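Inside the fold
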Amino acid sequence: MNGLAVLIPIALGLGLLGLAAFFWSLRRGQFDDLDGAALRIFVEDEEEAAP
Amino acid sequence: MTTVIALVERDFAVPDIRCAGCIAKLEQGLVRDRRIATARVNFTEKRVHLSCVPDAELPDLIGAFMALGFEAHPIGNALGDADPAAAGSRELLRAVAVAGFAMMNIMLLSVSVWSGAAGATRDLFHWLSAMIALPTIAYAGRPFFRSAWRALRHRQTNMDVPISIGVLLASTLSLYETATHGAHTYFDGAVMLLFFLLCGRWLDSVMRDRARGGITALLRNMGTGAMVLGADGKSRWIDATALEPGMVMLVAAGERLAADGAVIRGSSRLDLSLLTGESAPQLVRPDDRVHAGTLNLDAPVEIKVSAVGADTALADIARLMGEAAQGKSRYVRIADRAARLYAPAVHALALLAFVGWMIIGAGWHQSLLIAVAVLIITCPCALGLAVPAAQIVAAGELMRVGVLVKDGSALERLAEVDRAMIDKTGTLTLGRPEARDLERLAPHVQSLALALAQASRHPLSEALTRGLQALDVARADVHAIRETPGFGVEARWGDHVVTLGRPSDPIGGDALATQLSIDGALIATIRFADRLRPDARAAIDALRSDGIDVSILSGDRAAAVAPVARELAMTAQTGMSPQDKLAALARQSVTHKVLMIGDGLNDGPALAAGHASMAPGSASDVGKNASDCIFLGDRLMPIVATLRMARRTQAIVRQNFALAIGYNVIAVPLAFLGYVTPLVAALAMSGSSLLVVGNAMRLKRAIR
């Protein structure tokens, strides 16, 4: 029983963390352009143009 | 320079984004324009999001795209989009995530209970499950509860009624079990049910979003406007929504009219094909009335605006369409039709189980437990997933071949079609002038024509450029190119002056033509005509072999329709007004399920009234909005592919229903006899869901 008292909160906490991470990425628009992300690695940066 | 300017955000649809190169070109090229601060490409939706200074006007921004070689259409307004449908599907996704999280954690606890936890540990686990499940059901179950309540209030029943009753009853009973130290709780079953069903709902809404995104990108008339001549003699760009009667629009060749009006200066020819289906251009002179949506072909004209927005000729067609669309909204989707039979059956079974066990004398607690098991196990988990899973796979495949399907119900209706009525101009034909007999010109004439045509954005020049480039003609070396609006292009070629322009005297009635002259001497006359889509014959034959009767429904004159009808061996009705088309469709609809294929404004009511409808990507906005599905490109074969895919999808859906019923035939007797513990329910539910999703995946790669 003592083990459970530690392990169950940990399990739930990790699950909640995952859920929170998913909501965060949803709100930040990480899923808005799924096909584009795969192509962006081919895009060469124009590094010095950045201010 | 350092003052902070509030930037405005704008979205543009750019249909030509195809590769990583396009992303780089757009994102890095656009910001070189002073007025544009940032540009972000959304590849999936083929959109570009810009932050720009507030005084950047639309034509300038579109020009910036043009300079990079992309065509851009503004979407929405500058206020950013508050899209209710997209918000709805995001809410569903959040519900899916919450239900998924809860399902996994409850399953974690349930597995320990099933593998033998007892006493205080089991009670603790049950309480924990309840603490996770109850808020989840309250949050993730809302879409079902809302829809079930709406149905019940109208004294109807739908799929959501047994779902809601099952979930609520199961969680109430499980809570009671938990409080009385019982052995079985159904929290995991209830939450799993919600999870699977939400997945189905979410897939359905994703499909609609995706198609709507594609269609928004195609709606080119959104956010159009006109150059308006001000009182001070200067012209400025005004958005179509801000146009007012009395304003004077300057319409260049190649532009579409943004409002109805009367010509006050200049004369030109207008392409009415989107409005009336008429293929021959109409000559307009001062005082002639002109309509929004027509394309100016020849020369710049000044038009005094007489009506805008809802007052235009469009309004009449919009009213017809509103009436016509009511028939379509009566269509009941296959899942709902199944639910009409299914829901009463499920309720009757559960009630029967309860009553039966009470009579045998099992006590109300035991009887209720079994009734809940019946409800949970018969809940249409597979049914809720069977239809959307198949339809989204089919729609994804169709999108790959350039067909946008607006929603699942469109696929269901397309599968039932047994007759097709097709518009001529713009649907069977390309709906744009194509240069004829180019290969007969001498090589140096071809290359001169290309050099001059490329310098102009006149519709005929663009058609000529397209035709010559298809022949791999090299461009002649000309310089000092000058375009005179309304007359043509002039340039120097060595010591000669070459011109490409409108014929000096009208040739052959109202046919479109352009003439190439060197030093004033006529060298060649190039004629233009609309022509059939390249695979029209093959597509029509394929439709016939699939058992679909086809006929032409055209607004054009009989003389113009006859050659097309003859070539395709189709019967045709000609000279039809929008009302005539609607009436012809209604006559056929009595005995047949009619597919309407058309592009023009005049097809709008018929498209709205057809059992199913399709429009080419080049169609008018009204046509695209009214139709169920849009095919891109010049070919007609996608129509055939769509109909075949729709039929295959329907077959898969039927198989899935059969699987779901087969599963119930095995599971229901077990539940009746009281053998369905929460463990069996969990296995049966996930097993049947995987089965129907796996079956739906077979639609992938169904189009070779």
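Quantities reported herein were computed from a predicted structural model and do not represent experimental measurements. (Residues numbered from 1 in each chain as written. Chains lettered and ligands numbered in written order. Predicted model: local features only at pLDDT ≥ 70, side-chain atom pairs only at ≥ 80, totals over all residues.)

**Here we look at the overall build of chain A**
When its secondary structure is counted, chain A shows two helices and zero strands. Per-residue burial over chain A gives 0% buried out of 51 residues. (Helix = DSSP H or I, 4+ residues; strand = E, 2+ residues; numbered from the N terminus. Buried ≥ 20, exposed ≤ 12 C-beta atoms within 10 Å, placed from the backbone.)

**Some thoughts on the overall build of chain B**
Regarding its fold elements, chain B presents 23 helices and 26 strands. Across its three principal directions, the C-alpha atoms of chain B cover 105 × 70 × 45 Å. The contacts of chain B with a sequence gap of at least 6 include a subset with a gap of at least 24, amounting to 69%. (Contact = placed C-beta atoms within 7 Å.)

**Regarding the sheet that holds strand E10 (residues 282-284) of chain B**
Residues and elements named next belong to chain B. Strand order in the open sheet made by the three strands is E10-E9-E12, with antiparallel pairing throughout. Lying at the two open borders of the sheet, with one neighbouring strand each, are E10 and strand E12 (295-296). As defined by bridge partners, strand E9 (residues 268-271) adjoins E10 across three bridges and the pair is classed as antiparallel. Following the sheet pairing, Ser268 is matched in E10 by Val284. (Pairing = 2+ DSSP bridges.)

**Describing the UniProt feature "transmembrane region" (unreviewed entry) in chain A**
UniProt records the feature "transmembrane region" (unreviewed entry) at residues 6-26 of chain A, using the numbering of this structure. Counted over residues 6-26 of chain A, helix gives 100% and strand 0%. Its end C-alpha atoms are 30 Å apart. (UniProt positions renumbered as here; feature names shortened; annotations may be inferred.)

**Looking at helix H16 (residues 459-470) of chain B**
Residues and elements named next belong to chain B. The first and last C-alpha atoms of H16 sit 17 Å apart over 12 residues, in line with the 16 Å expected at 1.5 Å per residue. Every buried residue of H16 is accounted for by Pro459, Leu460, Ser461, Ala463, Leu464, Thr465, Gly467 and Leu468. Buried residues belonging to H16 abut E12, strand E16 (434-435), helix H15 (443-454), strand E20 (512-518) and strand E21 (521-529). Within two residues after H16, Asp472 carries a phi angle of roughly 60°, on the positive side. (Expected span 1.5 Å × (residues − 1).)

**Focus: the confidence of the model for chain B**
Residue and element names in this part refer to chain B. Looking at chain B as a whole, its pLDDT mean stands at 83, while 93% of the residues score no less than 70. Across residues 77-82, where pLDDT falls below 50, the model places five contacts with residues more than four positions away in sequence or in other chains. Overall fold confidence (pTM) sits at 0.78, and the ipTM for the predicted complex is 0.82. (pLDDT = per-residue confidence, 0-100.)

**Observations concerning the interface of chain A and chain B**
Taken residue by residue, the interface counts 20 residues in chain A and 18 residues in chain B. Broken down by element, the side of chain A that touches chain B gets its largest block of residues, nine residues, from helix H1 (residues 2-27) of chain A. Here the side of chain A that touches chain B is composed, by residue class, of 11 nonpolar, three polar and six charged. (Nonpolar A, V, L, I, M, F, W, Y, C, P; charged D, E, K, R; others polar.)

**Regarding the environment of B:Val308**
Residue and element names in this part refer to chain B. Of note, Val308 is situated in the loop between strand E13 (301-307) and helix H9 (314-329). Between the C-alpha atom of Val308 and that of Ala259, which follows or precedes it by 49 residues, the distance is 5.2 Å. Residues contacting Val308, with those up to four places away along its chain left out, are Leu243, Glu244, Pro245 and Ala259.

**Remarks on the sheet that holds strand E17 (residues 479-484) of chain B**
Two strands in a sheet stick together by hydrogen bonds in their backbones, pointing the same way (parallel) or opposite ways (antiparallel). All names here are of chain B. An order of E16-E21-E20-E19-E18-E17 is seen for the six strands of this open sheet, with the pairing classed as antiparallel. A single partner strand is all that each edge strand has here, and the edge strands are E16 and E17. Bridging between E20 and E21 involves seven bridges; their strand directions are antiparallel. Residue pairing for E21: Ala513 is matched across the bridge by Arg527. Packing of H15 onto the sheet brings it into contact with strand E18 (488-493), strand E19 (496-501), E20 and E21, and relative to E19 it is tilted by some 70°. (Axes fitted to C-alpha atoms, helices over the stretch in contact; angles between N-to-C directions.)

**Focus: the pairing of E18(B)**
All names here are of chain B. Relative to E18, E17 runs antiparallel, the two sharing four bridges. Note that in E18 the partner of Glu483 across the bridge is Val489. The sheet contact formed by E18 and E19 spans six bridges and is antiparallel. Note on E19: the bridge partner recorded for Ala491 is Val498.

**Some thoughts on the nonpolar core**
All names here are of chain B. Core analysis: the largest hydrophobic core is formed by 168 residues, its most contacted members being Ala99, Val191, Leu193, Leu194, Leu198, Val374 and Ala386. Per-element accounting of this core gives the leading share, 16 residues, to helix H7 (residues 187-218). Aside from chain neighbours lying at most four places away, what touches Leu198 is Leu92, Ala95, Val96, Ala99 and Ala140. Counting 21 residues, the second largest nonpolar core, distinct from the first, contains Ala453, Leu464, Val489 and Ala491. (Core = buried A, V, L, I, M, F, W, Y, C linked by C-beta atoms within 7 Å.)

**Brief notes about the packing of helix H6 (residues 160-179) of chain B against helix H11 (residues 364-378) of chain B**
All names here are of chain B. For the pair H6 and H11, interaxial distance at closest approach is 9 Å and the crossing angle is 140°. In terms of orientation, H6 lies oblique with respect to H11. Where H6 crosses over H11, the two elements pack in a sense that is left-handed. From H6, Pro162, Ile165, Gly166, Leu169, Ala170 and Leu173 reach across to H11, where they touch Leu368, Leu369, Val372, Leu375 and Ile376. (Parallel < 35°, antiparallel > 145°, perpendicular 65-115°, else oblique. Left-handed = near helix turned anticlockwise from the far one by under 90°.)

**Observations regarding unusual backbone geometry**
Only a minority of non-glycine residues have a phi that is not negative, and only a minority of peptide bonds are not trans. Residue and element names in this part refer to chain B. The phi dihedral of Asp287 falls on the positive side, at around 80°, and the residue is not glycine. Position of Asp287 among the secondary structure elements: in the loop between E10 and strand E11 (289-290). If you check the backbone angles, Ala480 has positive phi at about 55° while not being a glycine. Along the chain, the position of Ala480 falls in strand E17. The class for Ala480 is exposed, based on 9 C-beta atoms found within 10 Å.

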